[in-house]
Amino acid sequence: MPINQNYNDKELLLLVAEGDEHAFARFFRQWSPLLQHWIHRLVKDDNSRLEALQDVFIQIWTYRDKLPEVANLTAWLKTVTTHQCFRHLARQKAWYAQMTSQTAEAAGYPSPEPGAEHHLNFKEIQAVIQQALATLTPQQRQIYRLSREEGLNSDQIARKLNLSRGHVRNTISAVLAHIRTYLLQAGKIFWLAWILF
Amino acid sequence: MMNKEDMAYLIQGYMQNTLSDAERQTFINEALTEENRELYQEVAASLLEDSPDLAPFDEKLWPLFHQVLIADKPSLQIASKTNPAARRLPSIRKWGWAAAVVLLAASSFLLLKRFANDGTQNRSPSAIAQDFPPGRNGAVLTLANGRNIVLDSLENGMVAHQSGADVVLKNGELAYDKTAATPDEPEFNTMTTPKGRQYQLTLPDGTKVWLNSASSIRFPTAFIGKERRVDIHGEAYFEVAKNAGMPFRVRVGDDMEIEVLGTHFNVNAYENENTYRTTLLEGRVKVTAFPDNSYRGAASGVIAPGQQAAMSRNAGITVLNNADINKTMAWKNGLFNFEGATLEEVMKQLERWYDIEVIYENGIPDIAFDGKMTKDIPLAGLLVMLEKSKVHFRLEGRKLVVLP
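To keep things clear, this report deals only with the structure shown in the data block. Counting restarts for each chain, with residues numbered from 1 along the sequence as it is written. Whichever chain is written first is A, and whichever ligand is written first is 1; the rest continue in order. Side-chain atom pairs in this predicted model are given and counted only at pLDDT of 80 or more, local residue features only at pLDDT of at least 70, and totals for whole chains, interfaces and linings cover all residues. Where side-chain values are given, they derive from all heavy atoms of the structure, hydrogens and water being excluded.

### Observations concerning the overall build of chain B
Turning to step 1, where the next piece is worked out: Under the DSSP-based scheme used, a helix requires at least four consecutive residues in state H or I and a strand at least two consecutive residues in state E, with every element numbered from the N terminus. Within chain B, the regular secondary structure consists of 9 helices and 26 strands.
Turning to step 2, where the next piece is worked out: Each residue is placed in one exposure class: buried if its accessible area under a 1.4 Å probe, protein chains only, is under 20% of its type's maximum, exposed if it is over 50%, and partly exposed if it falls in between. In chain B, which comprises 404 residues, the share counted as buried stands at 54%.
Turning to step 3, where the next piece is worked out: A contact between two residues is defined here by any heavy atoms of the two lying within 4.5 Å. When contacts within chain B are restricted to residue pairs at least 6 apart in sequence, long-range pairs at least 24 apart make up 51% of them.
Turning to step 4, where the next piece is worked out: A total of about 18,300 Å² of accessible surface is found on chain B, and carbon and sulfur atoms cover 49% of it. Only the protein chains shown count as cover for residues, and the accessible areas themselves come from Shrake-Rupley with a 1.4 Å probe.

Laid out in C-alpha cells, this is it:
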C-alpha cells in the first residue's frame with residue numbers, strides 16, 4: 001500500500017488517534033525506516049532490533065489518542081525508541097555477562113534463540129494488555145470492542161450507542177490510559193511526559 | 001556516578017566492539033540500570049540523527065505490524081455465569097495452538113531471561129507470568145530398550161531405528177516409517193507427556209493420536225496378529241486408520257477397554273477424575289468396563305457419533321446423547337472450554353497445563369464457569385480473569401491456594 005500523499009502528517013495522526021488501522025499502516029510505512037535506522041545505531045543483534053521496533057510501535061499505538069497533541073513528533077519518537085532499545089539491551093544482560101570480549105566479538109551478541117524469544121517478548125506484552133482489558137467496565141468494553149473489533153470511529157460508535165462523541169472519545173482514552181498503566185507497571189513502557197514535547 | 005561522556009563512550013564502544021572486558025561490565029552493570037536509564041536515553045538520543053539517508057521501507061515488516069494490531073484486540077475473556085455481561089468468545093483462537101507451539105522453543109530462554117530481570121524489576125503480574133508459562137508441545141519417548149528420548153527440542157529427522165521401522169520426527173510430530181518386513185516380535189514404545197506438555201504422534205498403522213498433558217500411550221512398533229492394541233493413561237484423541245480385519249483396542253489401565261473399527265474419538269481417563277469419558281466423533285465404538293473393579297450398573301455400551309460413554313465407579317457405564325463435542329475437543333484445538341465447568345474441573349485443567357498444584361483452604365467454592373480462552377497465555381493472565389469471576393486465591397511457589 002503506497003503512502004497516500006493526500007494525508008499530511010497532522011491529518012494522518014488524527015486518523016490514527018481514531019483507531020484507524022489503515023492510517024496506522026501508512027504511519028508505519030512512513031516512519032519505520034527512520035526508527036529502524038535509529039535502532040541500528042543502538043542495538044546490535046537483528047532479533048532484538050526487530051523486537052525493539054515492534055515494541056516502539058506497540059507503544060505508539062497505545063498512545064494513539066495522544067498523538068495529535070505531540071508538538072515535536074521526531075523528538076517524541078526518539079524518546080520512545082531509546083527507551084525500548086534500553087529495555088531490550090537490559091533484557092539481555094545475563095547473556096552479555098557470560099561472554100568474554102572474544103566470544104562477544106565473534107558472535108556479535110546474538111540472542112541464543114532469536115525467533116522464539118521474539119515471540120515470547122510479544123506474548124508477554126500481549127498478555128499484559130489482555131490483563132488490562134479483562135478489567136474494563138461493561139460499557140468501556142462495549143465501546144472499546146466497537147473500536148478495535150468492528151473498526152468504528154468515535155462518531156460511528158456514538159451514533160450506534162446513542163452517546164455523545166465526547167463521551168466515546170473519553171472512554172477510549174480512559175481504556176488506553178488503563179492499558180498504559182498496566183504496561184508501565186510491568187516495565188514494558190515508561191511514562192511519557194507530553195508537555196516536554 | 002556516570003557522566004554523559006562516559007555514557008557516550010560506552011554506547012559507542014559497545015556498538016563498535018571496542019570495549020575492554022572491564023568496560024563491557026561497566027556498560028552492562030552500570031549503564032543499563034534503572035538509575036542510569038534517563039542518562040542512557042538522553043545520550044543515545046543525541047547520537048541519533050533527525051533526517052539521515054534512509055533505506056526504503058522493508059515490505060517484510062508487515063507481519064510484525066499485524067502483530068502490533070492484534071496485541072490490544074479485546075479477545076480473551078472468561079467469566080463466571082453470574083456476570084453474563086462479560087461473556088466473550090475468543091476471536092484469536094486461530095493463533096492459540098500455533099502460538100503455544102512457538103513457545104515451545106521459547107521456554108529454554110525463560111531461565112536466562114528471569115535471571116536477567118533479577119533485581120531490576122518488581123514482582124509485577126507479568127513477573128508471575130514468566131514463572132508460569134503456558135504448556136507447550138513436548139513428550140518423552142521411552143523405547144523398548146529403556147532408552148528415553150526427550151522430544152521437546154529435537155529437530156526433524158530420524159530419532160531411532162527399531163525392528164521394522166524408522167522412528168522419525170516431522171514438524172514436531174513423531175511417525176513410524178516402515179523400512180522392512182513386519183517383524184515377528186514387535187517392540188513396545190511408550191510416549192509420555194508430563195504436566196504442561198501436549199504431543200501428536202502417528203502410530204505404525206497410520207492412526208493419529210493427540211496426547212493431552214499428564215498422559216501416556218504404550219504401543220508396538222508394528223501391529224501384528226488379530227488386533228491393534230494400545231494402552232493409555234490420561235487423555236487422548238484418536239483418529240484410527242480403517243482396518244476392519246484388525247480391530248483397534250484402547251485399554252485404560254485395568255479399568256476399561258474401547259473397541260473400535262475405524263473412527264475418531266476422545267478418551268478422557270485421568271485417574272484423579274471421578275469419571276472416564278469416551279466421546280465419539282465418527283464411526284462406532286464399544287466401551288467395556290472390566291468386571292473385576294466392582295463397578296455397578298452396565299458393564300458395556302456401544303456409542304454412536306455425538307454420544308459419550310461416561311464410566312464411573314458408582315454407576316458403571318452411562319451413555320449420554322448430545323455430548324458437547326466442542327468442549328470435549330477444546331484441548332486438542334488449543335483452547336480451554338469452561339462452559340458449565342465447576343471450579344474443581346477448571347482447576348484440574350490448570351494443574352495439568354501450568355504444572356501447578358491447587359489446594360482448597362476451606363472446601364471447594366461452588367462456582368460455575370462459562371466461556372473459552374486460548375491455552376497459550378501465561379498463568380497470570382488466567383488468574384486475573386479468575387479473580388474477576390470472584391475466585392480468591394494466593395500463590396505459594398507452585399501451589400495455588402483457593403480461599404473461601
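### Digging into the side chain of arginine 141 of chain A
Residue and element names in this part refer to chain A.
Turning to step 1, where the next piece is worked out: Relative to the helices and strands, arginine 141 is located in helix α8 (residues 138–148).
Turning to step 2, where the next piece is worked out: We note that arginine 141 is buried and unpaired, the nearest opposite charge coming from glutamate 149 at a distance of 9.3 Å.
Turning to step 3, where the next piece is worked out: Any pair of nitrogen or oxygen atoms within 3.5 Å is treated as a polar contact; in protein, a donor-acceptor pairing is required on top of that, and neighbouring residues in sequence qualify only through side-chain atoms on both sides. A polar contact is formed between the side chain of arginine 141 and the backbone oxygen of leucine 136, at a distance of 3.4 Å. We score Asp and Glu as negative and Lys and Arg as positive, and we do not count His or the chain ends. What counts as a salt bridge is simple: a side-chain nitrogen of Lys or Arg found within 4 Å of a carboxyl oxygen of Asp or Glu.

### Side note on the nonpolar core
In globular proteins that are soluble, nonpolar side chains generally tend to be buried together.
Turning to step 1, where the next piece is worked out: Among the nonpolar cores identified, the biggest contains 79 residues, and Phe24, Phe27, Phe57 and Ile60 of chain A together with Tyr40 of chain B are the most heavily contacted of them.
Turning to step 2, where the next piece is worked out: At 11 residues, the largest contribution of residues to this core is made by helix α2 (residues 21–42) of chain A.
Turning to step 3, where the next piece is worked out: Those residues in contact with phenylalanine 27 of chain A that lie beyond four places of it in its chain are Leu12, Leu13, Val16, Phe57, Ile60, Leu73 and Leu77 of chain A.
Turning to step 4, where the next piece is worked out: One finds Ile149, Leu203, Val209 and Met246 of chain B within the second-largest nonpolar core, a separate group that totals 43 residues. Here the nonpolar core consists of buried residues drawn from Ala, Val, Leu, Ile, Met, Phe, Trp, Tyr and Cys, with membership extended through side-chain atoms lying within 4.5 Å.

### Some words on the packing of helix α8 (residues 343–354) of chain B against helix α9 (residues 379–388) of chain B
Describing two packed helices takes the angle between their axes plus the distance from one axis to the other.
Residues and elements named next belong to chain B.
Turning to step 1, where the next piece is worked out: Between α8 and α9, the least distance of the axes is 12 Å, while the angle of their chain directions is 165°. Between α8 and α9, the crossing angle belongs to the class labelled roughly antiparallel. Pair α8 / α9 crosses with left-handed handedness. Where α8 abuts α9, its residues Val346, Met347, Leu350 and Tyr354 lie against Leu379, Leu382 and Leu386.
Turning to step 2, where the next piece is worked out: Each residue gets one label: Ala, Val, Leu, Ile, Met, Phe, Trp, Tyr, Cys and Pro are nonpolar, Asp, Glu, Lys and Arg are charged, and the others, such as Gly, are polar. Partitioning the contact of α8 with α9 into residue classes produces 7 nonpolar, no polar and no charged. For every element, the axis is a line fit to its C-alpha atoms; helices are fit only across the contacting stretch, and the angle between N-to-C directions ranges from 0 to 180 degrees. Angles are sorted into four bins: roughly parallel if under 35 degrees, roughly antiparallel if over 145, roughly perpendicular if 65 to 115, and oblique for all others. In this scheme, a crossing is called left-handed if the near helix is turned counterclockwise away from the far one by less than a right angle; it is called right-handed if the turn is clockwise.

### So, the pattern of salt bridges
All names here are of chain A.
Turning to step 1, where the next piece is worked out: Going through the model one piece at a time under the given rule, you end up with 28 salt bridges over all chains.
Turning to step 2, where the next piece is worked out: Linking arginine 165 and glutamate 18 is a salt bridge whose minimum nitrogen-to-oxygen distance equals 3.8 Å. Here glutamate 18 lies in the loop between α1 (9–17) and α2 and arginine 165 lies in helix α10 (residues 165–185), a separation of 147 residues in the sequence.
Turning to step 3, where the next piece is worked out: On the basis of relative accessibility, which here comes to 37%, the residue arginine 165 falls in the partly exposed class.

### With respect to the packing of aromatic side chains
Residues and elements named next belong to chain A.
Turning to step 1, where the next piece is worked out: In this scheme Phe, Tyr and Trp rings, the latter by its six-membered ring, pair at centre separations within 6.5 Å, and the angle between planes marks the pair as stacked below 30 degrees, edge-to-face above 60, and tilted otherwise. Under the defined criterion, the tally for this structure stands at 21 aromatic pairs over all chains.
Turning to step 2, where the next piece is worked out: Seen from their ring centres, phenylalanine 24 and phenylalanine 57 are 6.2 Å apart, and the 65° between their planes marks the pair as edge-to-face. Highlighted residues: phenylalanine 24 in helix α2 and phenylalanine 57 in helix α3 (residues 46–62), separated in sequence by 33 residues.
Turning to step 3, where the next piece is worked out: Take phenylalanine 57: its relative accessible area is 0%, and that puts it in the buried class.

### Examining the layout of surface pockets
All names here are of chain B.
Turning to step 1, where the next piece is worked out: A cavity here means a set of points on a 1 Å grid, drawn over the protein atoms and nothing else, where a 1.4 Å probe fits but cannot get out; a pocket is an open set with protein on both sides within 12 Å along at least five of seven lines, and a residue lines either one if it has an atom within 4 Å of a point. Grid points are joined across faces, edges and corners, and a volume is the space filled by probe spheres set on the points. In this model, the largest pocket occupies a volume close to 750 Å³.
Turning to step 2, where the next piece is worked out: Lining the largest pocket we find 31 residues, and of these Asn268, Arg277, Lys327, Glu345 and Gln349 sit closest to its centre.
Turning to step 3, where the next piece is worked out: Breaking the lining of the largest pocket down by element, the ones donating at least two residues are β15 (264–269), β16 (275–282), α7 (325–329), β21 (335–337) and α8.
Turning to step 4, where the next piece is worked out: Looking at the lining of the largest pocket element by element, the count peaks at 6 residues for α8.
Turning to step 5, where the next piece is worked out: Within the lining of the largest pocket, the residues separate by chemical class into 9 nonpolar, 12 polar and 10 charged.
Turning to step 6, where the next piece is worked out: For every domain, the bounds stem from an assignment made automatically or drawn from a database. Composition of the lining of the largest pocket by domain shows at least three residues from each of domain 2 (75–135 + 333–404) and domain 3 (138–329).

### Observations concerning unusual backbone geometry
The phi angle of most residues is negative, glycine excepted, and most peptide bonds adopt the trans form.
Residues and elements named next belong to chain B.
Turning to step 1, where the next piece is worked out: Even without being a glycine, asparagine 322 presents a positive backbone phi close to 50°.
Turning to step 2, where the next piece is worked out: With respect to the helices and strands, the residue asparagine 322 is situated in the loop between β20 (316–320) and α7.
Turning to step 3, where the next piece is worked out: The phi dihedral of aspartate 355 falls on the positive side, at around 55°, and the residue is not glycine.
Turning to step 4, where the next piece is worked out: Along the polypeptide, aspartate 355 turns up in the loop between α8 and β22 (357–360).

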